[in-house]
Amino acid sequence: MGEITNVMEYEAIAKEKLPKMVFDYYASGAEDQWTLQENRNAFSRILFRPRILIDVSKIDMNTTVLGFKISMPIMIAPTAMQKMAHPEGEYATARAASAAGTIMTLSSWSTSSVEEVASTGPGIRFFQLYVYKDRNVVAQLVRRAERAGFKAIALTVDTPRLGRREADIKNRFTLPPFLTLKNFQGLDLGKMDEANDSGLAAYVAGQIDRSLSWKDVKWLQTITKLPILVKGVLTAEDARIAVQAGAAGIIVSNHGARQLDYVPATIMALEEVVKATQGRIPVFLDGGVRRGTDVFKALALGASGIFVSIMPCQCPLTEKINK
């Protein structure tokens, strides 16, 4: 493999290096994976109208997100179980985000705890939250994230039950035995049992609160002072409700096309969500972003910034950077 020149080329390397169960878990979408393709294809249907002879000798990529200054409008989305890809897992991602001067969002289902990630050094970090049936577990976790210096909660609202991810069913996906969901280790919720289909689907069915509703956004505000981003909005109607419910921001997301297939690509849903918020709260986007041109298109359509999924890996470029 020669020099890596773009993000797409990482996928081929990951496929080569990772066990099939792990690669399939990271790479696949729900059911027919139509939305998975569409998340990418939709970007290619949006064209620029370039204006010329503008002075571009000085370019400033800095921006602010919820009052935090970052080096660029590109942040790191929450991705679960990163130590399946590399022993450093979320530690490496946290250090990389900090070095790049941007925000990392830590998944609830990380293989490193909020305290461990905080111990990697300074950095602006958000915490992605799944709401468990046991609300004491949720309250405890939010408090721990606050104490560990996390600056916002990204509440995932599109996973009352796990999407039907057929690759995980075929592979009988489960967390490798040497790893745990570190944030839940002390609560006897850190392990994932093997199941007849996907171990993760069985875990979600057993633990995640399907009754989650807008009133719980209010409930969260009673247990934390942290700003709450609602992650998983795809319609103008829900965007308006999110504003009314006191959300600090919205992340237009279809969960990387891993939840409900045949929903629109996030870049196609972005404009109606931005219009519906009427500038009252910032709108962000994740899903399908692979190039700077994708970021630019999202910003042009009203996003305040985008989130990309990043996984630590052992490959020529990152090894060179790490040296």
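Residues numbered from 1 in each chain as written. Predicted model: local features only at pLDDT ≥ 70, side-chain atom pairs only at ≥ 80, totals over all residues. Heavy atoms only, no water.

Section: the overall build of the protein chain
Reasoning step 1: Within the protein chain one finds 13 helices and 10 strands.
Reasoning step 2: In summary, the protein chain has a C-alpha radius of gyration of 19 Å against a globular reference of 20 Å for 323 residues, a match within 12%.
Reasoning step 3: In the protein chain, which comprises 323 residues, the share counted as buried stands at 49%.
Reasoning step 4: Pairs at least 24 apart in sequence give 69% of the contacts found in the protein chain among residues at least 6 apart. (Helix = DSSP H or I, 4+ residues; strand = E, 2+ residues; numbered from the N terminus. Rg over C-alpha atoms; globule rule 2.2 N^0.38 Å. Buried < 20%, exposed > 50% of the residue type's maximum accessible area, 1.4 Å probe, protein only. Contact = heavy atoms within 4.5 Å.)

Section: the pairing of strand β5 (residues 125-129)
Reasoning step 1: Most of β5 sits out of view: five of its five residues are buried.
Reasoning step 2: Neither face of β5 is left uncovered, since the one carrying Arg125, Phe127 and Leu129 and the one carrying Phe126 and Gln128 both have all their residues buried.
Reasoning step 3: Note: strand β4 (residues 104-106) against β5, three bridges, orientation parallel. Bridge pairing in β5 places Met104 opposite Arg125.
Reasoning step 4: Relative to strand β6 (residues 152-156), β5 runs parallel, the two being bridged by four bridges. (Pairing = 2+ DSSP bridges.)

Regarding a nonpolar patch on the surface
Reasoning step 1: Together, Ile54, Val56, Ile59 and Met61 make up a nonpolar patch on the protein surface, roughly 440 Å² of accessible area in all.
Reasoning step 2: With respect to the helices and strands, the residue Ile59 is situated in the loop between α3 (34-44) and β1 (63-65). (Patch = residues over 30% accessible without salt bridge, like charges linked within 9 Å, V, L, I, M, F, W, Y side chains within 5 Å. Areas by Shrake-Rupley, 256 points an atom, 1.4 Å probe, with all protein chains shown as cover. Salt bridge = Lys/Arg side-chain N within 4 Å of Asp/Glu carboxyl O.)

Quick notes on the UniProt feature "active site" (unreviewed entry) in the protein chain
Reasoning step 1: When the UniProt feature table is mapped to this numbering, "active site" (unreviewed entry) covers His255.
Reasoning step 2: When you line up the elements, His255 lands in the loop between β8 (249-252) and α11 (266-277).
Reasoning step 3: Exposure remark for His255: the relative accessible area of 11% places this residue in the buried category.
Reasoning step 4: Residues within four places of His255 in sequence aside, it is in contact with Tyr130, Thr156, Asp158, Thr159 and Arg165. (UniProt positions renumbered as here; feature names shortened; annotations may be inferred.)

Notes on the side chain of Gln128
Reasoning step 1: In this structure, Gln128 sits in strand β5.
Reasoning step 2: Given a relative accessible area of 2%, Gln128 falls into the buried group.
Reasoning step 3: Reaching out from Gln128, the side chain makes a polar contact with the side chain of Thr156 at a distance of 3.0 Å.
Reasoning step 4: For Gln128, the residues in contact, after removing those within four places along its chain, are Pro78, Thr105, Leu106, Ser107, Ser108, Ala154 and Thr156. (Polar contact = N/O pair within 3.5 Å; in protein donor to acceptor, adjacent residues only side chain to side chain.)

Remarks on the nonpolar core
Reasoning step 1: Core analysis: the largest hydrophobic core is formed by 47 residues, its most contacted members being Met81, Trp109, Phe127, Leu129, Tyr132, Phe184 and Leu200.
Reasoning step 2: With five residues, helix α6 (residues 135-147) is the largest single contributor of residues to this core.
Reasoning step 3: The residues touching Tyr132, leaving out its near neighbours within four places in the chain, are Trp109, Val137, Val138, Phe184, Leu189, Tyr203, Gln207, Ile208 and Asp209.
Reasoning step 4: Membership of the second largest hydrophobic core comes to 29 residues, among which are Ile267, Leu270, Val289 and Val295. (Core = buried A, V, L, I, M, F, W, Y, C linked by side-chain atoms within 4.5 Å.)

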